[in-house]
Amino acid sequence: MQNTPDITNRKFLTRFAWVSIGAAVLTILLKTIAYLLTGSVGLLSDALESLVNLVGALMALAMLTVAARPADEDHEYGHSKAEYFSSGVEGTLIVIAAISIIVTAAPRLWNPQPLEQVGLGLAVSVGASVVNLLAAFFILRAGKKYKSITLEANAHHLMTDVWTSVGVIAGVGLVALTGWQRLDPIVAFIVAANIIWSGGRIVRDSVLGLMDTALPNEEREVIIKILDKYKKDDIQYHALRTRQSGARRFTSFHILVPDSWTVLQGHQLLEKIEAEIRNALPDITVFTHLEPLNDPTSWDDTKLDRPKN
């Protein structure tokens, strides 16, 4: 038996990707102007990360569009896992951006350059950071509400960009105050290290999703608590499994009932259990299997693969 929640109509999520695209285009423009005004390699590194934001947002738009497609003959469980590809690509792009920043900043350690029009350049950069901050809050709230790893990864990337900008602005300001020109590339290196950490975390989360990672412990405990309510001498359960797939959650388990029960009795019990789980954990797909309690073969399929005879 199964129940598939109606969460496939997620095309509206692409509007948040468009917000990210718009924010990325605007911040690229502003940060490029800030770099051209000052000549700061730190501000250039900040602009490069925003370029990666744009590529990531375009990837998010594409994958959210794919993930919203309904199930078909080739993908009977839907296309929700496409979101993991988006976040994985975005995490990889973040790391590539960090490497680009390091390559760009390294020559400035040996050949530091004076900065120009620092005040105006920093003002423009602050404006770009405000744009990113507002977009990040808006997209992150949507990602958590609609359980979209793509939107969450994109929002975290934008927040990383915000913190990057804060560090760059502080560094460039210190360069202007102290006259220590080598501080500019040092700030860029620190920015790159922060970006690598953020990108690695996003890639890790994507890999875990593609590996069908189990639901969080607190959600699994909710399922166990419901099943335990029905557990008696003549009713047992086993083979409980859970997994997350994009916005979808899945659980499956076997219910063992007395041999004398009718199919209708077993069906009614399963319907009751499934309804409780769906009420406790919205948007979860529940698969159940009914077995006779006293048949020895009922206890041979607790593992993922049934033992060979």
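The text that follows walks through the structure, step by step, so that each part is easy to find.

Thresholds applied
- Residues numbered from 1 in each chain as written.
- Predicted model: local features only at pLDDT ≥ 70, side-chain atom pairs only at ≥ 80, totals over all residues.
- Heavy atoms only, no water.
- Helix = DSSP H or I, 4+ residues; strand = E, 2+ residues; numbered from the N terminus.
- Buried < 20%, exposed > 50% of the residue type's maximum accessible area, 1.4 Å probe, protein only.
- Contact = heavy atoms within 4.5 Å.
- Areas by Shrake-Rupley, 256 points an atom, 1.4 Å probe, with all protein chains shown as cover.
- 1 Å grid on protein atoms, 1.4 Å probe; cavity = no way out; pocket = protein on both sides within 12 Å on 5 of 7 lines; lining within 4 Å.
- Points joined across faces, edges and corners; volume = space filled by probe spheres on them.
- Nonpolar A, V, L, I, M, F, W, Y, C, P; charged D, E, K, R; others polar.
- Expected span 1.5 Å × (residues − 1).
- Core = buried A, V, L, I, M, F, W, Y, C linked by side-chain atoms within 4.5 Å.
- Salt bridge = Lys/Arg side-chain N within 4 Å of Asp/Glu carboxyl O.
- Axes fitted to C-alpha atoms, helices over the stretch in contact; angles between N-to-C directions.
- Parallel < 35°, antiparallel > 145°, perpendicular 65-115°, else oblique.
- Left-handed = near helix turned anticlockwise from the far one by under 90°.
- Pairing = 2+ DSSP bridges.
- Phe/Tyr/Trp six-rings, centres within 6.5 Å; stacked < 30°, edge-to-face > 60°.

Some thoughts on the overall build of the protein chain
Within the protein chain one finds eight helices and four strands. Scanning the protein chain from its N terminus toward the C terminus, one meets helices and strands in the order β-α-α-α-α-α-α-α-β-β-α-β. Counting all 309 residues of the protein chain, 48% fall into the buried class. Taking contacts inside the protein chain between residues at least 6 apart in sequence as the whole, the part at least 24 apart equals 76%. Of the roughly 15400 Å² that the protein chain leaves accessible, carbon and sulfur atoms contribute 63%.

Quick word on the layout of surface pockets
Any space left empty among the atoms is revealed by the rolling of a water-sized probe across them. One number sums up the size of the largest pocket: a volume of about 660 Å³. If you go around the largest pocket, you meet 20 residues; those closest to its centre are Tyr84, Ile149, Glu152, Asp205 and Gln244. For the lining of the largest pocket, the leading source of residues is helix 6 (residues 183-210), giving five residues. Partitioned by chemical class, the residues of the lining of the largest pocket number seven nonpolar, six polar and seven charged. Counted as a void, the second largest pocket has a volume near 150 Å³. If you go around the second largest pocket, you meet ten residues; those closest to its centre are Tyr77, Gly78, Ser80, Lys81 and Ser245.

As for helix 6
Its 28 residues place the ends of helix 6 41 Å apart at the C-alpha level, agreeing with the 40 Å of an ideal helix rising 1.5 Å per residue. The first or second residue beyond helix 6 is Asp212, which carries a positive phi of 55 degrees.

Examining unusual backbone geometry
Here Ala239, not a glycine, exhibits a phi torsion of approximately 60 degrees, which is positive. With respect to the helices and strands, Ala239 occurs in strand 2 (residues 236-245).

Some details on the nonpolar core
Ranked by internal contacts, the top residues of the largest apolar core, which has 22 residues, are Leu43, Ile101, Val168, Val172, Val187, Val191 and Ile195. Where this core is concerned, the elements lending two or more residues are helix 1 (14-38), helix 2 (41-67), helix 3 (82-110), helix 4 (118-145), helix 5 (149-178) and helix 6. Those residues in contact with Val168, other than ones at most four positions away along the chain, are Gly42, Leu43, Ser45, Asp46, Val187 and Val191. Among the nonpolar cores identified, the runner-up in size contains 20 residues, and Ala17, Ala24, Ala136 and Leu151 belong to it.

A few points about the pattern of salt bridges
Per the stated rule, a full pass over the model turns up three salt bridges. For Glu219, the salt bridge goes to Arg249, with nearest N and O atoms at 3.1 Å. Placement of the pair is Glu219 in helix 7 (residues 217-230) and Arg249 in strand 3 (residues 248-257), with a sequence separation of 30 residues. Where Arg278 meets Glu274, a salt bridge forms, and the shortest distance between an N and an O atom there is 3.5 Å. Of this pair, Arg278 and Glu274 are both found in helix 8 (residues 263-280), four residues apart, which corresponds to roughly one turn of the helix. According to the relative accessible area criterion, Arg278 is partly exposed, its value standing at 23%. Glu274 sits in the buried class, given a relative accessible area of 1%.

Quick word on the packing of helix 7 against helix 8
Viewed as axis vectors pointing N to C, helix 7 and helix 8 meet at an angle of 150 degrees, and their least axial separation amounts to 10 Å. Considering the angle they form, helix 7 stands roughly antiparallel to helix 8. Crossing of helix 7 against helix 8: the hand is right-handed. Contacts between helix 7 and helix 8 involve Val222, Ile223, Ile226, Leu227, Lys229 and Tyr230 from the first element and Leu269, Lys272, Ile273, Glu276, Ile277 and Ala280 from the second. The class makeup of the residues in the contact of helix 7 with helix 8 is nine nonpolar, no polar and three charged.

Observations regarding the pairing of strand 2
With respect to burial, strand 2 is a largely interior element, eight of its ten residues being buried. Direction of pairing for strand 2 relative to strand 3: antiparallel, over a ladder of eight bridges. When the bridges of strand 3 are listed, Gln244 appears paired with Arg249.

Considering the packing of aromatic side chains
Inspection of every chain in the model, using the stated rule, returns three aromatic pairs. For the ring pair Phe16 and Phe138, a centre distance of 5.3 Å and an interplane angle of 50 degrees mean the geometry is tilted. Of this pair, Phe16 sits in helix 1 while Phe138 sits in helix 4, and the two are 122 residues apart along the sequence. Residue classification places Phe138 among the partly exposed residues on the basis of a relative accessible area of 34%. For the ring pair Phe250 and Phe287, a centre distance of 6.3 Å and an interplane angle of 15 degrees mean the geometry is stacked.

Worth remembering: the numbers are spatial, not functional.
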